[in-house]
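What follows is each chain in one-letter form.
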Amino acid sequence: MEKLSIVKIGGNIIEDESALNAFLKLFSNLEGKKILVHGGGKRATHIASKLGIESKMVNGRRITDAETLEVITMVYGGLVNKNVVAKLQALNTNAIGLTGADINSIKSVKRPVKEVDFGFVGDVQSVDYQSVDKLIQADFTPVFCAITHDGNGQLLNTNADTITSQVAVGMSELYETSIYYCFELNGVLKDINDKNSVIKHIDSKTYKELLEQGIIADGMLPKLENCFDALNNGVSNINMGNTSMLTKTDSNFTTITL
């Protein structure tokens, strides 16, 4: 099976022009077929406040009312996505910017109301991996923003980590897929206060031990749950660390396998 890399970047890189430029250079130099997924929550919050729209969060997750969805569509699907695509073109990577509605690539269902009504937030149901592959086979590099659709004309704000893992699971029908989650830390840390205490390899057994020791907790818990879900559904390996893990010279990051 041919290899496919699926790389996700978060809001902190997008907010910092020089960090974004440095990352996109690394991404462009990444060999083989690839897909980029990006968030943009910080930029959306900033622009919403400029427009006098208050951003409401519950447990770190955004409540997406109709007004907020308009801002997210403009920021994620427009401002951030097209800026990234234009920068990639300058680096000779022939990118194409997408939401999940484009080529019907990612369908979601509106999150049901339980304790909290998250509004227009989507939980991914299906990925049309064959349509996405047509773009890859035509030598385009898909760049997905964190928006999907429900198939009935409604756009939905969708977690970018989830989009990454679900796209990787879908594409694993055709490719040997690897995920790269790029964030500020060097990887999963043994000691949150020591940025060099990277756990270089986590498998199912190590994961269980780290959970029991309370080393994996808080925001890292849902991230790793997501990872093992993807691995159990066909993804080959998942890598977490800062952007330098995309180079061949850096080995100080976390690789997660079954």
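If you're wondering where the values come from, they're calculated on a predicted model, not measured in any experiment.

**Student:** In this structure, what is going on with the pattern of salt bridges? I would like to understand it.
**Tutor:** Any two side chains of opposite charge can pair, so long as their charged atoms come close to each other. Summed over all chains, the structure comprises ten salt bridges. Ionic pairing is found between Glu 212 and Lys 208, a salt bridge with its closest N-O pair at 3.7 Å. With Glu 212 and Lys 208 both in helix H7 (residues 204–212) and four residues apart, this pair spans about one turn of that helix. For Lys 208, a relative accessible area of 54% corresponds to the exposed category. Several salt bridges converge on common partners, so that one network encompasses Lys 8, Asp 161 and Lys 223.

**Student:** Which parts of the structure should I look at to understand the layout of surface pockets?
**Tutor:** A water-sized probe, rolled over the atoms, reveals where empty space remains. Approximately 1100 Å³ is the volume attributed to the largest pocket. Around the largest pocket, the lining is made up of 38 residues, and of these Gly 60, Arg 61, Asn 159, Ala 160 and Asp 161 lie nearest the centre. When contributions to the lining of the largest pocket are tallied by element, the ones reaching two or more residues are helix H1 (11–15), helix H3 (41–50), strand E4 (61–62), strand E7 (122–127), helix H6 (160–171), strand E11 (176–182) and helix H8 (220–231). For the lining of the largest pocket, the leading source of residues is H8, giving four residues. Tallied by class, residues from the lining of the largest pocket come to twelve nonpolar, 16 polar and ten charged.

**Student:** What is the right way to look at the UniProt feature "site: Transition state stabilizer" (unreviewed entry) in the protein in this model?
**Tutor:** The feature "site: Transition state stabilizer" (unreviewed entry), as annotated in UniProt, sits at Lys 8 and Lys 223 in this numbering. A maximum C-alpha distance of 12.4 Å is found for the annotated residues, which run over 216 residues; spatially they form one tight group. Of the annotated positions mentioned, Lys 8 and Lys 223 line the largest pocket. Structurally, the position occupied by Lys 8 is in strand E1 (residues 3–9). Assessed through its relative accessible area of 11%, Lys 8 is described here as buried. Once residues lying within four places of it in the same chain are set aside, the contact partners of Lys 8 are Val 37, Ala 160, Asp 161, Thr 164, Tyr 180, Tyr 181 and Cys 182. A residue is classified by how much of its surface remains accessible, and Lys 223, at 24% relative accessible area, is partly exposed. Apart from residues no more than four positions distant in its own chain, Lys 223 is found in contact with Asp 161, Phe 183 and Met 240.

**Student:** Hey, could you run me through the UniProt feature "domain: Aspartate/glutamate/uridylate kinase" (unreviewed entry) in the protein in this one?
**Tutor:** In this numbering, the UniProt entry assigns the feature "domain: Aspartate/glutamate/uridylate kinase" (unreviewed entry) to residues 4–237. Helix makes up 41% of residues 4–237 and strand 22%, and the two end C-alpha atoms of the span are 11 Å apart.

**Student:** Which parts of the structure should I look at to understand helix H2 (residues 17–29)?
**Tutor:** Owing to its 3.6 residues per turn, the α-helix aligns residues three or four sequence positions apart on the same side. With 13 residues, H2 should reach 18 Å at 1.5 Å per residue; the first-to-last C-alpha distance of 19 Å fits that figure. Turning to H2, its buried residues number three or more, namely Leu 20, Phe 23, Leu 24, Phe 27 and Ser 28. The buried side chains of H2 occupy one side of the element, clustering within an arc of 135° when seen end-on. Across H2 from its buried face, at more than 90 degrees, point the exposed residues Ser 18, Lys 25 and Asn 29. Tucked into the core, H2 has its buried residues touching E1, H1, strand E2 (33–38), helix H4 (66–90), strand E8 (141–144) and E11.

**Student:** What should I look at first to understand the side chain of Asn 186 in this one?
**Tutor:** Inspection of the secondary structure puts Asn 186 in the loop between E11 and strand E12 (201–202). Classification of Asn 186 as buried rests on a relative accessible area of 14%. At 2.9 Å, the side chain of Asn 186 and the backbone oxygen of Lys 195 are in polar contact. A polar atom in the side chain of Asn 186 sits 2.8 Å from the side chain of Asn 242. Residues within four places of Asn 186 in sequence aside, it is in contact with Lys 195, Asn 196, Val 198, Met 240, Gly 241, Asn 242, Asn 252, Phe 253 and Thr 254.

**Student:** Before we go on, may I ask you to explain the packing of H2 against H4 in this structure?
**Tutor:** When two helices pack together, their arrangement is given by the angle between the helix axes and by the axis-to-axis distance. Two numbers describe how H2 lies on H4: the axes approach to 10 Å, and their chain directions differ by 55°. The angle between the axes of H2 and H4 places the two elements in the oblique class. Considering only the axes of H2 and H4, their crossing is right-handed. Each of Glu 17, Leu 20, Asn 21, Leu 24, Phe 27 and Ser 28 in H2 lies in contact with H4, whose residues at this interface are Asn 83, Val 84, Lys 87 and Leu 88. For the contact of H2 with H4, the per-class residue count stands at five nonpolar, three polar and two charged.

What counts as what
Residues numbered from 1 in each chain as written. Predicted model: local features only at pLDDT ≥ 70, side-chain atom pairs only at ≥ 80, totals over all residues. Heavy atoms only, no water. Salt bridge = Lys/Arg side-chain N within 4 Å of Asp/Glu carboxyl O. Helix = DSSP H or I, 4+ residues; strand = E, 2+ residues; numbered from the N terminus. Buried < 20%, exposed > 50% of the residue type's maximum accessible area, 1.4 Å probe, protein only. 1 Å grid on protein atoms, 1.4 Å probe; cavity = no way out; pocket = protein on both sides within 12 Å on 5 of 7 lines; lining within 4 Å. Points joined across faces, edges and corners; volume = space filled by probe spheres on them. Nonpolar A, V, L, I, M, F, W, Y, C, P; charged D, E, K, R; others polar. UniProt positions renumbered as here; feature names shortened; annotations may be inferred. Contact = heavy atoms within 4.5 Å. Expected span 1.5 Å × (residues − 1). Arc of directions from axis to C-beta. Polar contact = N/O pair within 3.5 Å; in protein donor to acceptor, adjacent residues only side chain to side chain. Axes fitted to C-alpha atoms, helices over the stretch in contact; angles between N-to-C directions. Parallel < 35°, antiparallel > 145°, perpendicular 65-115°, else oblique. Left-handed = near helix turned anticlockwise from the far one by under 90°.

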